[in-house]
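Below are the chains, spelled out letter by letter.
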Amino acid sequence: MPLITGMRGTLALATLRRHPARTALAILGIAVAAALLLDMVMLATGMRESFRSLLLTRGYQLRVSPKGTLPFDSEATIDGASAIVSALRANPEILAVSPSLGTTLAMPGSALPSVFTLGLEPDVQGDYALDTGDDLPVPQQATPDDQPLPAVVNRSFLLRTGRRLGDTLTVSAGLDAQLRTAARSRRVQLRGEARFFYVPEETPVLALPLAEVRRLLGPTYRDRMSLAMAGTRRGDSAAVESVRRWIAETQPRVTAISTETAIRQVEERLSYFRQLAFVLGAISLGIGFLLVATLVTLSVNERRGEIAVLRAIGTPRTGVLQQVLLEGLGLSLCGIVGGLGLGLLTARWLNGILRDFPGLPAAFNFFVWSPQAAWQSLLLLLVSGTAAGLLPAWRAASTPIAHTLREDAIG
Amino acid sequence: MPSGKSSLSVSVSASAEAVIRCEQVVREYTVGESRVAAVRGIDLAIARGEFVAITGPSGCGKSTLLHLLGAIDVPSQGRVLIEGRDTATLSDREATAFRLRRIGFVFQRFYLMPMLSAQENVELPLAEAGLPPAARRARAAELLGYVGLGDRRSHRPTQLSGGEQQRVAIARALANAPALVLADEPTGELDVATGERLLELFAQLHADGTTLVFVTHDARVADSASRVVRLLDGRVQQDSAAGMMPDTA
């Protein structure tokens, strides 16, 4: 059987090589369809996966925000943060809690008048990954007033302010625009450069120890936080949901949202994208099917005489069927290989364009290579392309030998 | 001229046993709403090792008869027995296997696969018969040598002349050492000189024991055969082996 398949493969390949321009155009068409399908699958699954991996970057499955708000959806903060954090940390089901306070600090005399600032507890923070330099010191120590505060910033901050690691600058809070005075100011030293997961890449960010930010913002913020992230000891959905319910029951001033719920909410908001991706993917699948069906049908119609001769000299129906199916398979396979490269290139290009939209978290991607989904979709195209050859293959296999030879002799 | 002919196995040994027997064979076609009979009751027996030319004017049923003899068509009435097997009783799979192993076809238009080399074209029926690649390569080379194309094995049909293409087709027909070679106007698309060289090859095949049945308009081809069967209106008008048939008188 492999011997015959080998010769049939040779014949199928030879048939495809017979009209190289036509075959190349068909392969290109299938490649475009495959690329579109792959991109749509990457888009449909990508945003979800990207959002999920973004939320789970540091393993925190729960976000605790002021009652009725989404994390950083408003400037609302939670008072009595220490008690809430302590209560959460006391729960044996909770592994870690990372409180943070977001605010905007002024930078007098700097090229950048103000900067988004995150107050974090360095040992549990889940907001950034340090790239170069030193991290915020752990354990947290109160920095004497005459010493600069340690700070971690992102690339955008350095570019916009023209500063380097090691530089010091002044940040102020409680700025009075009329008097042009600040209630409180501190020198900060830029110790490290980091990638902040939840802040748009183009937004300058400054991270300081949480306690120092609270001190800068004054007595009102002495015990406040914008958000707390919590990681459960057991990562399964049931355990996370159980902790979420416990927070909802015991902490009436906050809203706890799990990663799964957040993803569901995002999915609802992005359902339009997914539907669009599904429709375009289905269309590309249809185009691939029609391209293969058209080309193979054309090829079979042109070769009816040859097929009749193959049958006459002893090729069984299954042999003809196999050969024509191999043509469809070959076309689809070549198109898919081309489409894979083309799809990845276009996905990268489109992702670059979409990521330029302002306000997107730095770690967010629209197109994400999800191997299982990608291979499944390309396999579907391969099956569809091969199936597209079924009808012409069946017609070829059913060629009436004597009748076709007689017609061919006359024609 | 053929070379290496003495060592080649192209057919079974000749004997007086009938390879083909047609008994009152009728073949009708439906054309529109009417029935047209292309073959109208032919009785014919061809012995092993015979070289038979079937002649007659266009539309007399020559090609239809050849298709019936080659088990690629079945009679509407009567029986065609090839090596004792009634072709009408064969399933498609059996008929295909029978053609593959017992019958070689040569067509007027050669019908070689244009993207395959001469060697690969000859290998086709050998691959279908399940020969391993090395064996079929050797057999194809041997056959191409026999038909005088030993040095043209890697050429594609478009790189060969009409006569050379027909030689490749003959080598392909002989691939599985068939009991019978059927040829439909084998010199029809060739010039006179090429046609004559091809007839020499057929004569050699016949001398080597192959049973040959030709359909031809060409008097030269008919003259080269040992027996001529002339058809007219779907009936045997004359058979050189039997004289005038009674029903055509």
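Bear in mind the structure is a predicted one, so any value in this text is a computation, not a measurement. (Residues numbered from 1 in each chain as written. Chains lettered and ligands numbered in written order. Predicted model: local features only at pLDDT ≥ 70, side-chain atom pairs only at ≥ 80, totals over all residues.)

(A) A look at the overall build of chain A. Secondary structure assignment for chain A yields 13 helices and 12 strands. Taken over C-alpha atoms, the radius of gyration comes to 31 Å for chain A, far larger than the 22 Å a tight globule of 411 residues would show. Over its C-alpha atoms, taken along the principal directions, chain A stretches across nearly 105 × 50 × 35 Å. Sorting the 411 residues of chain A into buried and exposed places 44% on the buried side. (Helix = DSSP H or I, 4+ residues; strand = E, 2+ residues; numbered from the N terminus. Rg over C-alpha atoms; globule rule 2.2 N^0.38 Å. Buried ≥ 20, exposed ≤ 12 C-beta atoms within 10 Å, placed from the backbone.)

(B) Seen up close, the overall build of chain B. From N to C terminus, chain B includes seven helices and 11 strands. Taken along its principal axes, the extent of the C-alpha atoms in chain B is 50 × 40 × 40 Å. Taking the contacts inside chain B whose residues are at least 6 apart along the sequence as the reference set, 71% of them involve residues at least 24 apart. (Contact = placed C-beta atoms within 7 Å.)

(C) How the structure looks around the packing of helix 8 (residues 271-302) of chain A against helix 11 (residues 371-388) of chain A. Residues and elements named next belong to chain A. With their axes 8 Å apart at the nearest point, helix 8 and helix 11 run at an angle of 30° to one another. Taken together, the axes of helix 8 and helix 11 are roughly parallel relative to one another. For the pair helix 8 and helix 11, the sense of crossing is right-handed. Together, G281, L285, G288, F289, V292, A293 and V296 of helix 8 and S377, L380, L381, S384, G385 and A388 of helix 11 make up the contact between the two elements. The residue makeup of the contact of helix 8 with helix 11, split by class, is eight nonpolar, five polar and no charged. (Axes fitted to C-alpha atoms, helices over the stretch in contact; angles between N-to-C directions. Parallel < 35°, antiparallel > 145°, perpendicular 65-115°, else oblique. Left-handed = near helix turned anticlockwise from the far one by under 90°. Nonpolar A, V, L, I, M, F, W, Y, C, P; charged D, E, K, R; others polar.)

(D) Structural view of the interface of chain A and chain B. Of the residues lining the interface, 24 residues belong to chain A; the matching set on chain B comes to 28 residues. Secondary structure elements with two or more residues in the side of chain A that touches chain B: helix 1 (2-18), helix 9 (304-312), helix 10 (317-355) and helix 13 (401-410) of chain A. Within the side of chain A that touches chain B, the residues separate by chemical class into 12 nonpolar, six polar and six charged.

(E) Summary view of the packing of helix 10 of chain A against helix 11 of chain A. All names here are of chain A. Contact pair helix 10 / helix 11: the axes reach a minimum separation of 7 Å and the direction vectors enclose 150°. With respect to helix 11, the axis of helix 10 lies roughly antiparallel. The element helix 10 and its partner helix 11 pack so that their crossing is right-handed. Residue-level contacts link L325, G328, L329, L331, S332, L333, I336 and L340 of helix 10 to L378, L381, L382, G385, T386 and A388 of helix 11. Partitioned by chemical class, the residues of the contact of helix 10 with helix 11 number 10 nonpolar, four polar and no charged.

(F) Spotlight on helix 5 (residues 162-174) of chain B. Residue and element names in this part refer to chain B. With 13 residues, helix 5 extends 18 Å from end C-alpha to end C-alpha; this agrees with the ideal 18 Å at 1.5 Å per step. Within helix 5, 11 of the 13 residues are buried, leaving the element largely enclosed by the surrounding structure. For helix 5, the complete set of buried residues consists of G163, Q165, Q166, R167, V168, A169, I170, A171, R172, A173 and L174. Lining the buried residues of helix 5 we find strand 6 (103-106), helix 3 (118-128), helix 4 (133-146), strand 7 (180-184) and helix 6 (192-207). (Expected span 1.5 Å × (residues − 1).)

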